[in-house]
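Structure at a glance
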There are 4 protein chains.
Amino acid sequence: MARVGLIGFGYWGPNLARAFSEAKGVSLAGISDLSPTRRERAQTRHPSALVTEDHGCLIDHPEIDAILIATPVSTHFPLAMAALKAGKHVLVSKPITASTAEATQLIDEARRRGLILMVDHTFLFSGAVRRIRDLVAQGELGDIQYYDSVRVNLGLFQSDVNVIWDLAVHDLAILDFVLPARPRAVSATGMSHVPGGPENIAYITLFFDGRVIAHVHVNWLAPVKVRRTLLGGSRRMVVYDDLEPSEKVKIYDCGVTAQNVGPESIYQILYDYRMGDMWAPQLDRSEPLAVEAAHFAECIATGRAPISDGESGRRLVRILAAATESMRGSGVRVELEPDDPADRS
Amino acid sequence: MARVGLIGFGYWGPNLARAFSEAKGVSLAGISDLSPTRRERAQTRHPSALVTEDHGCLIDHPEIDAILIATPVSTHFPLAMAALKAGKHVLVSKPITASTAEATQLIDEARRRGLILMVDHTFLFSGAVRRIRDLVAQGELGDIQYYDSVRVNLGLFQSDVNVIWDLAVHDLAILDFVLPARPRAVSATGMSHVPGGPENIAYITLFFDGRVIAHVHVNWLAPVKVRRTLLGGSRRMVVYDDLEPSEKVKIYDCGVTAQNVGPESIYQILYDYRMGDMWAPQLDRSEPLAVEAAHFAECIATGRAPISDGESGRRLVRILAAATESMRGSGVRVELEPDDPADRS
Amino acid sequence: MARVGLIGFGYWGPNLARAFSEAKGVSLAGISDLSPTRRERAQTRHPSALVTEDHGCLIDHPEIDAILIATPVSTHFPLAMAALKAGKHVLVSKPITASTAEATQLIDEARRRGLILMVDHTFLFSGAVRRIRDLVAQGELGDIQYYDSVRVNLGLFQSDVNVIWDLAVHDLAILDFVLPARPRAVSATGMSHVPGGPENIAYITLFFDGRVIAHVHVNWLAPVKVRRTLLGGSRRMVVYDDLEPSEKVKIYDCGVTAQNVGPESIYQILYDYRMGDMWAPQLDRSEPLAVEAAHFAECIATGRAPISDGESGRRLVRILAAATESMRGSGVRVELEPDDPADRS
Amino acid sequence: MARVGLIGFGYWGPNLARAFSEAKGVSLAGISDLSPTRRERAQTRHPSALVTEDHGCLIDHPEIDAILIATPVSTHFPLAMAALKAGKHVLVSKPITASTAEATQLIDEARRRGLILMVDHTFLFSGAVRRIRDLVAQGELGDIQYYDSVRVNLGLFQSDVNVIWDLAVHDLAILDFVLPARPRAVSATGMSHVPGGPENIAYITLFFDGRVIAHVHVNWLAPVKVRRTLLGGSRRMVVYDDLEPSEKVKIYDCGVTAQNVGPESIYQILYDYRMGDMWAPQLDRSEPLAVEAAHFAECIATGRAPISDGESGRRLVRILAAATESMRGSGVRVELEPDDPADRS
């Protein structure tokens, strides 16, 4: 039984609190938040938890084994580092840190101490994403051609990071988990519509070796919520719509055949793109956060590396930083240097 | 009554033939196509039309006033030029030509002869797009922030042009018609998944003066058909879904307000993005091609410039060429020089 | 090559005209209509057809082999009888006649003369309905439990028949075609909201032997168009949505298991109703009217009975009449006497 | 501050527990359930509540002011009566009782003691239903023509009551709340597909004075979940889809005009049914159960009658019983005697 302490009870923290208080193998021992209102809410919902203003109180608590961090990105590094140094396992909200250098330090610290360092990439624990990963891994889709995701929101709007760091990170995590290959370069564009604010709309293209391309559209200022991903393969294609109450994952048989339809000099060769049957498999409907909490508990118990470990967190930060750089250069291609082991020595 | 001759009875030609044979103010006098099968089909459907293998026969026909061109892009210029030189008005399929230089020659030739030169940008004649243009023109949306369009297909696949020239041209035409400003630069990415074929998936960002951004996603290899545009304004936002049987245009009231939710040093300023009522106006349901045919007839009768004239056609070709150039440079920003009047002198 | 003459160029006639002028094995020789405006429209679209005010001219025409009837229901019987007596094959719009007695006379006349008598139940020729019939026939759904259809409209409104005769007839035809059993009784309710007009909203329940039930909801005054059918079976269930651009037919695996969840005296036995995978087969996308025209031509050529022959047309009229009777009795059960062969002797 | 005790922590009880533990003006003091597993779950989620096997312990508890009953229907009467006799206010799950006679006794007991008796018709507290009631009350829809609801489920399946008592009760409650008139008679049909089980599919028609008709389709064995209501009026029509994440209520302008389209003797008068603009108002998104809990607390504090009081509960039971009777008579019309005050004397 791992006893966890949660730092941050703002937008996302309450969800972690609920999930970890109900999951098997873990218990929620404490919650800290700077806001009195939030502390009151936390205490009402979790009457048996220690609720405090001082996160240090949780980090140093002898009966707490692990720290969950649900605070703004800029605070992830100092809080996670303090927790690791106090010998606690850490689960940190996405993205892991504000820079790859910070991520490297956390990874090294956790490794040195034999502690679990995990990033809360919740989607990786959903039945839909796990099914898509299996489809890719088993070759069901044929050669992967493209990944195209739209993740637009009518929701909250952050001032500390741009929309890439807030929303695109979900797609980058899914891509990192689902595809066998790593992106080589990135081109991004975007815009801020709130004076002085970070970019609230962005478009990111990832280039891979070969003919694979990925694109992510994120937007905080959309009139409708969309969570739709197309994953194209040479044999089958997937439409993953996370807002569908059921049938979130649809798999289409497909095929392209060239069709010669006239004197070539003037008329076109048409490619006839034919869709076949569609199939929507039943998915595991377990709540992703519950699966994630159990996974964290199991990693603590066994020492096994989490599927969303510090390394994957750092890869994503590298892409987030490169995409932001490209966006500020109006789409200029930015290379993603290979994941250099020396980087963390 | 304008008598028209149609060159090309392949994929799109039959639609023009039907529309022009039923519209008021025009009559379909002749059809040419190189394929015997297509000629037979044309004659069955249009028993009273002159059907011929030789397009020259239509261009030179003394009783034909105007030529409709529905052939591959590379043939637009020679056919349109021949028709203009024979004194015929011309309606040419999109895009007008394969280069701005060709477009300039057609524009000059038409002007010199006092002939109508119009491009078949069918969407401009739909009730939905006309309504959106009115909303923008009347300031109903406030300041325009972004235009985001997805136009993906499970349809035919062309070998003579890439997907930008085939599909994105529709969005660029709508943008040119709807927005008061002209784009200043473009960044595009894309990929070909058919060996030796043109790019079949592409993403285009257009930069404007100020904080306006536009993005177009086009794809010939999608498992589902999507035709959805988001148009964001500071006061209202529009969702235009061309596949909706009714309610193609939805207008959302919206507003963003900053909300200070805690000690700023650690916690975020949240922007609360609130949607209000939604409104779907009844649209003119006239068939766009019928409206377009009538517009062409009226322009011929009155000498008035078409709303999709040669100039707009040339502006679009400039963007198409720049987007293709950027795409081959992995997203590098390509400037769109201002529409230089000297260019066509 | 069967030469057909069409009587009636109002709402539906133009569709028949187009289909029969393009189908193989038939040609459209003539069209009659009482309205000069419609005749003009007919002649414009079908320049080579004989267009006349006088339907007798088609019925008696020596070079016409078959008559298509697309006129109000009350005229079906006299027109069809005249055509049969003139030795013509007949395809009549749905429903076949206004009474079973009239239908019986037509059936007898056609039989006596060896002529084809077919009813235009267009849906039976769609890929979706044919696929559903195959699923039922092959036992894929298990035991049929229910058929539930909603067919509501924002369309035209008729004054000569009620909404049951206009819209429910489609569902009754599909039921007759798809299910192996025949309904035994009917209960219907409905209402007229236009003073002096026929009922414009109706609900029909059909009772079968065993545990099968069918229900049809039809409405001329709905704000949205719905065409959705649920077909429940013990092993699989079908959702057939005719307005879906693709994936019109979705097949769901399902299963119900009893689950004992507590002391029975107070707590419930819950049945856990579990859905499994969903599957949407690719359907034949041929235009139903084209398939129907070819089927009519083939029946004429071979003497084979149409799948929507006079007998099925009469069965449907019997149900329509019984449903109207029940509706006027506020839902009272009306028995459907078995299809008595003596009825037509 | 009203202190409440909850009897029953099965399917619905946990939702009441959560809502009442978070609502203002009430606190959750105790929970009883016969199942040890459920009691354990209750205690984990509500650590400060008294959790007991014995509901009498709550009913007799001096510090408990009100009892919430979330048990099977057959137990509603004895539990509610015991609670009233112990001087507690009562909120009982729908439907109030298994018979009108039982409901009458509860109403009388509550009146005699000056206690609040409320039924948990949760939908009446949703922003959507409250908005629809306002639209009707303000005459925005014109004359009401029909109410048509589909409520079908892939959910749990009960053995103690049929689907009318489980699902249709929601629509009957909405009808009772929204429409000014009361139904006069009912016709219903249905079927059981589980041997020995109650009817799992049912269709109910309600007749009102004048031209108003209502219909409810409920089904426990559907492959998809549907929660859609059409409400037709002479001026406007409403589509209420409770599964829409936003835009649950859409309001359509509409109008029907007679259109004379030809010689009447043979051709039809067509009614042209025209839809105008559609409008989806922003709705109050408060959680219905939270609004309901606050309403119950306020009624206790002020003595005001709840909007879902015992009387409305009894009216609904009368309809449920009549519908079940009609269903067993294959749709025979069953009159609903007027709500007789003598009935409860």
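The shown structure was predicted, so the numbers you read here are calculated from the model rather than taken from an experiment.

**Side note on the overall build of chain A**
- The helix and strand tally for chain A stands at 9 helices and 16 strands.
- What you see for chain A is a C-alpha radius of gyration of 22 Å, in line with the 20 Å of a compact globule of 345 residues.
- Expressed along its principal axes, the backbone C-alpha trace of chain A runs to roughly 80 × 45 × 45 Å.
- With 345 residues in all, chain A has 55% of them scored as buried.

**Looking at the sheet that holds strand β1 (residues 2-7) of chain D**
Residues and elements named next belong to chain D.
- Pairing is parallel across the open sheet formed by 6 strands, whose spatial order is β3-β2-β1-β4-β5-β6. Of all strands in the sheet, those bounded by a partner on one side alone are β3 (50-52) and β6 (117-120). Shown here is a sheet whose adjacent strand axes are inclined to one another by a mean of 20 degrees, direction ignored.
- As paired strands, strand β4 (residues 66-69) and strand β5 (residues 89-93) are joined by 4 bridges and run parallel to one another. Its bridge partner lying in β5, I67 is registered against V90.
- Running at roughly 150 degrees to strand β2 (residues 26-32), helix α1 (residues 13-22) makes contact with β1, β2 and β4 of the sheet.

**Considerations on unusual backbone geometry**
- Residue K94(B) is joined to P95(B) through a cis peptide bond whose omega torsion reads -10 degrees.
- For E247(A), which is not a glycine, the phi torsion comes out positive at approximately 55 degrees.
- Secondary-structure assignment places E247(A) in the loop between β13 (236-241) and β14 (249-260).

**A few points about the sheet that holds strand β4 (residues 66-69) of chain B**
Residues and elements named next belong to chain B.
- Read from one edge of the open sheet, 6 strands run β3-β2-β1-β4-β5-β6, paired in parallel fashion. The two strands at the open ends of the sheet, each matched to only one other strand, are β3 (50-52) and β6 (117-120). When the angles between neighbouring strand axes are averaged without regard to direction, this sheet yields 20 degrees.
- Here helix α4 (residues 76-85) sits on the sheet in contact with β1 (2-7), β4 and β5 (89-93), set at roughly 165 degrees to β5.

**A closer look at the packing of helix α1 (residues 13-22) of chain C against helix α8 (residues 288-302) of chain C**
All names here are of chain C.
- Between α1 and α8, whose axes approach to 9 Å, the crossing angle comes to 60 degrees. The orientation of α1 with respect to α8, classified from their angle, is oblique. Both α1 and α8 take part in a crossing whose hand is right-handed. Here N15, A19, F20 and E22 of α1 come into contact with α8, specifically with L289, A290 and A293.
- Within the contact of α1 with α8, the residues separate by chemical class into 5 nonpolar, 1 polar and 1 charged.

**Concerning the confidence of the model for chain A**
Residue and element names in this part refer to chain A.
- On average, residues of chain A carry a pLDDT of 90, and 90% of them reach 70 or more.
- Ignoring residues within four places in sequence, the model shows residues 260-269, a span with pLDDT below 50, making 22 contacts including any to other chains.
- Segment residues 341-345 is flagged for pLDDT under 50; beyond a separation of four residues in sequence, or across chains, it makes 4 contacts in the model.
- Here the prediction assigns the complex a pTM of 0.91, and the interface score ipTM is 0.92.

**A few points about the environment of I204(D)**
Residue and element names in this part refer to chain D.
- Of note, I204 is situated in strand β10 (residues 201-207).
- Owing to 30 C-beta atoms within 10 Å, I204 belongs among the buried residues under this scheme.
- In contact with I204, not counting residues within four places along its chain, are I164, A168, V186, A188, H215, V216 and A323.

**What to know about the pairing of strand β6 (residues 117-120) of chain C**
All names here are of chain C.
- Side chains of β6 alternate between two faces, with L117 and V119 and M118 and D120 buried alike.
- Inspection of the sheet shows strand β5 (residues 89-93) paired to β6 by 4 bridges, in the parallel sense. Bridge pairing in β6 places L91 opposite M118.
- Crossover connection from β5 via helix α5 (residues 100-113) to parallel β6: handedness right-handed.

**Quick notes on helix α4 (residues 76-85) of chain A**
- Taken as a whole, α4(A) has its buried residues at H76(A), F77(A), L79(A), A80(A), A83(A) and L84(A).
- Immediately downstream of α4(A), the backbone of G87(A) shows phi near 85 degrees, a positive value.

**Re the environment of A321(A)**
Residues and elements named next belong to chain A.
- Tracing the sequence through the fold places A321 in helix α9 (residues 310-328).
- Looking at A321, the number of C-beta atoms within 10 Å reads 19, which means it is partly exposed.
- For A321 and A98, which are 223 residues apart along the polypeptide, the C-alpha to C-alpha distance reads 8.6 Å.
- Each residue touching A321, except ones within four places of it in the same chain, is listed here: S99 and T100.

Conventions we followed
- Residues numbered from 1 in each chain as written.
- Chains lettered and ligands numbered in written order.
- Predicted model: local features only at pLDDT ≥ 70, side-chain atom pairs only at ≥ 80, totals over all residues.
- Helix = DSSP H or I, 4+ residues; strand = E, 2+ residues; numbered from the N terminus.
- Rg over C-alpha atoms; globule rule 2.2 N^0.38 Å.
- Buried ≥ 20, exposed ≤ 12 C-beta atoms within 10 Å, placed from the backbone.
- Pairing = 2+ DSSP bridges.
- Axes fitted to C-alpha atoms, helices over the stretch in contact; angles between N-to-C directions.
- Contact = placed C-beta atoms within 7 Å.
- Parallel < 35°, antiparallel > 145°, perpendicular 65-115°, else oblique.
- Left-handed = near helix turned anticlockwise from the far one by under 90°.
- Nonpolar A, V, L, I, M, F, W, Y, C, P; charged D, E, K, R; others polar.
- pLDDT = per-residue confidence, 0-100.
- Right-handed = clockwise from strand over helix to strand, strands pointing away.

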